[in-house]
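Architecture and fold: a report
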Amino acid sequence: FTLGLATTELALHAPSQIASAMKTRANQLGFNVVISMTDNLSLAACRTAVNELMSQRVDGVLINVPLSNDDAAAIARLCGNLPALFLDVDPEADVFKILFDPHCGAEQGVEHLLALGHQQIAVLTGPLESISARLRYEGWLNTLATRDISPCVVQHGDWSAASGYQQALLLLNQPVRPTAILVANDQMALGVLRAVHEFGLRVPEQISVIGYDDTEDSAFFFPPLTTIKQDFRLLGHESVNRLVDHLHKNGDHHSDSLLLPTSLVERHTTA
Ligand code: IPT
């Protein structure tokens, strides 16, 4: 058997760690994995990647590309009888999927900052074309709203450390200085930490920073990053298991969909 992986930009830490975990699990089970990477977030790019995999006669596909509900349905139709497991869709999407609960993750980050007494909270989202970026942002706003708080500044990055750095400089130059920054992923948080440092502020004494992902290197940022963990090893393992089960069973795929929990990892960037 051969599994196909259609993935978004592998230069990003999370998708590359997810691909690695999938490859490891597939190898243990004796499967081969072929990868096709999209070069932008459009539906057309995802179609191209999936077509490329289908022309290589894969037995099932893993789709780690952010897709709206309509776009996910379109890709599921394109796959036809070929089993397809989606990893970056809305929990409500009517497709076979495995996801980390975005509401739970967003809430954990906000609750952590509120428990520390923060009121002036800035947010740095991922690219709003990405469904996961939108869901995290929405989850932050909803949780803050339960305490009648709205973010003091909002900036949008593209998941990269470079964008985290640039957007944090803009954010720190606003008239209201936040006491904490909610960042939509660890890679942007890496850039944020450098910007905060260059701005002459101390983390966490003068400003707290919390990330999202808990990628392999996050414990080695300076200071070690407090973040919301998505266990990518578990995701890779479970997604391959479930797709392979599905190949064997051909059963009702919706019963196999799975929502995984996230967890708060407290290190040294929040106080
Ligand atoms: C998501 C990561 O959290 C984020 O850091 C970024 O790398 C993004 O992927 C790229 O699409 S994880 C995904 C399974 C929702």
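Residues numbered from 1 in each chain as written. Predicted model: local features only at pLDDT ≥ 70, side-chain atom pairs only at ≥ 80, totals over all residues. Heavy atoms only, no water.

**Looking at the site of the ligand**
Let me state the cut-off plainly: Residues are labelled near a given molecule or strand when at least one of their non-hydrogen atoms is within 4 Å of it. Any N or O atom pair separated by 3.5 Å or less is treated as a polar contact, with the protein-specific requirement of one donor-capable and one acceptor-capable atom, and with residues adjacent in sequence counted only for side-chain atom pairs. Detection works on a 1 Å grid of protein atoms alone, calling trapped sets that fit a 1.4 Å probe cavities and calling open sets with protein on both sides within 12 Å along at least five of seven lines pockets, with lining residues defined by an atom within 4 Å of a point. If over half the atoms of a molecule are within 2 Å of the grid points of a cavity or pocket, the molecule is regarded as sitting in it. Gly counts as polar in this scheme, as do all residues outside two lists: the nonpolar Ala, Val, Leu, Ile, Met, Phe, Trp, Tyr, Cys and Pro, and the charged Asp, Glu, Lys and Arg. Domain start and stop points were drawn from an automatic or database domain assignment.
Taken together, 14 residues are adjacent to the ligand, and Ser132, Arg136, Asn185, Asp213 and Gln230 come closest. Asp213 places a polar side-chain atom, nitrogen or oxygen, 2.5 Å from an oxygen atom of the ligand. Contact between the ligand and Gln230: an oxygen atom at 3.2 Å from a side-chain N or O atom of the residue. The cavity where the ligand resides is the largest pocket. When the residues that make up the shell around the ligand are grouped by side-chain class, the tally is six nonpolar, five polar and three charged. Split by domain, the residues of the shell around the ligand number at least three in each of domain 1 (2-100 + 231-262) and domain 2 (102-229).

**Details of the packing of aromatic side chains**
Cut-off, in case you're wondering: Stacked, tilted and edge-to-face are the three classes applied to pairs of Phe, Tyr and Trp rings, where Trp contributes its six-membered ring and a pair requires centres within 6.5 Å; stacked means planes under 30 degrees apart, edge-to-face means over 60, and tilted covers the rest. Helix and strand definitions follow DSSP, with helices as H or I runs of at least four residues and strands as E runs of at least two, each counted in order from the N terminus. Buried means the residue's accessible area, taken with a 1.4 Å probe over protein chains only, is under 20% of the maximum for its type, while exposed means over 50%, and partly exposed covers the values in between. By definition here, charges over rings are those cases where NZ of Lys or CZ of Arg is within 6 Å of the ring centre and within 35 degrees of the ring normal.
A full pass over the atoms with the stated rule returns two aromatic pairs. Aromatic pair Phe1 and Phe31: ring centres 5.5 Å apart, planes at 5°, arrangement stacked. Linking Phe1 in the segment before strand S1 (2-7) with Phe31 in the loop between helix H1 (13-28) and strand S2 (32-37), this pair joins segments that are 30 residues apart in sequence. Taking 6.2 Å as the distance between ring centres and 80° as the angle between the ring planes, the aromatic pair formed by Phe100 and Phe232 counts as edge-to-face. Taken together, the residues span a long stretch of sequence, with Phe100 in strand S5 (residues 98-100) and Phe232 in helix H8 (residues 232-249) at a distance of 132 residues. For Phe100, a relative accessible area of 10% puts it in the buried group. Phe232 gets classed as buried once you look at its relative accessible area, which sits at 8%. When the ring centre of Tyr165 is taken as reference, the NZ or CZ atom of Arg194 above it lies at 4.6 Å.

**Considering H8**
Condition: To estimate the expected span of a helix, subtract one from its residue number and multiply by 1.5 Å.
A rise of 1.5 Å per residue sets the reference length of H8, with its 18 residues, at 26 Å; its end C-alpha atoms lie 25 Å apart and thus fit the reference within 8%. Among the residues making up H8, those that are buried are Phe232, Leu235, Gly236, Glu238, Ser239, Val240, Asn241, Leu243, Val244, His246 and Leu247. Capping of H8 at its N-terminal end is provided by Asp231; its side-chain oxygen lies 3.2 Å from the backbone amide nitrogen of Arg233.

**Side note on the pairing of strand S7 (residues 153-156)**
Consecutive side chains along a regular strand alternate between the two faces of the sheet. Heads up, the condition is: Any two strands with at least two DSSP bridges between them are considered paired.
A one-sided burial pattern is seen for S7, the buried positions being Val153 and Gln155 and the unburied ones Val154 and His156. Where strand S6 (residues 121-125) and S7 come together, four bridges link them in parallel fashion. Following the sheet pairing, Leu124 is matched in S7 by Gln155.

**Let's talk about the nonpolar core**
Nonpolar side chains tend to gather and get buried jointly when the protein is soluble and globular. Selection rule: What makes a nonpolar core is a set of buried Ala, Val, Leu, Ile, Met, Phe, Trp, Tyr and Cys residues whose side-chain atoms join them at distances within 4.5 Å. Residues are treated as being in contact if the distance between any of their heavy atoms lies within 4.5 Å.
One finds Trp140, Leu182, Val183, Val192 and Val209 to be the most contacted residues of the largest nonpolar core, which totals 39 residues. For this core, the secondary structure elements donating two or more residues are helix H4 (102-115), S6, helix H5 (131-145), helix H6 (161-172), strand S8 (180-183), helix H7 (186-198) and strand S9 (208-213). Broken down by element, the residue count for this core peaks at six residues, all from H7. When neighbours within four sequence positions are excluded, Leu182 is seen to be in contact with Gly109, Val110, Leu113, Ile121, Ala122, Val123, Leu124, Trp140 and Ile210. Membership of the second largest hydrophobic core comes to 22 residues, among which are Leu5, Leu62, Phe96 and Leu235.

**Overview of the sheet that holds strand S3 (residues 60-64)**
Operational definition: Whenever a helix is involved, its axis is fitted only over the stretch in contact; in every case the axis is a line through C-alpha atoms, and angles between N-to-C directions fall within 0 to 180 degrees.
Taken in spatial order, the four strands line up as S2-S1-S3-S4 in an open sheet, and their pairing is parallel. For this open sheet the edge positions go to S2 and strand S4 (84-86), each flanked by a neighbour on one side alone. The mean angle between the axes of side-by-side strands here comes to 20°, regardless of whether they run parallel or antiparallel. Of the pairings in the sheet, the one linking S3 to S4 comprises three bridges and is parallel in character. Bridge pairing in S4 links Ile63 to Phe86. Its contacts with the sheet put H1 on S1, S2 and S3, and the angle it makes with S2 is roughly 160°. Each of S1, S3 and S4 is contacted by H8, which is oriented at about 150° to S3, the strand it contacts most.

**Looking at the pattern of salt bridges**
Threshold: Between Lys or Arg on one side and Asp or Glu on the other, a salt bridge is scored when a side-chain nitrogen of the former is within 4 Å of a carboxyl oxygen of the latter.
Taken as a whole, this structure holds six salt bridges when the rule is applied. The salt bridge partner of Asp214 is Lys229, with a shortest N-O separation of 3.3 Å. Separated by 15 residues along the polypeptide, Asp214 in the loop between S9 and strand S10 (226-229) and Lys229 in strand S10 bring together distant segments of the chain. Using a relative accessible area of 11% as the deciding quantity, one classes Asp214 as buried. A residue is classified by how much of its surface remains accessible, and Lys229, at 25% relative accessible area, is partly exposed. Across the pair Arg267 and Asp214 runs a salt bridge, and its minimum N-O distance is 3.0 Å. Highlighted residues: Arg267 in the segment after strand S12 (263-265) and Asp214 in the loop between S9 and S10, separated in sequence by 53 residues.

Keep in mind these numbers describe shape, not what the thing actually does.
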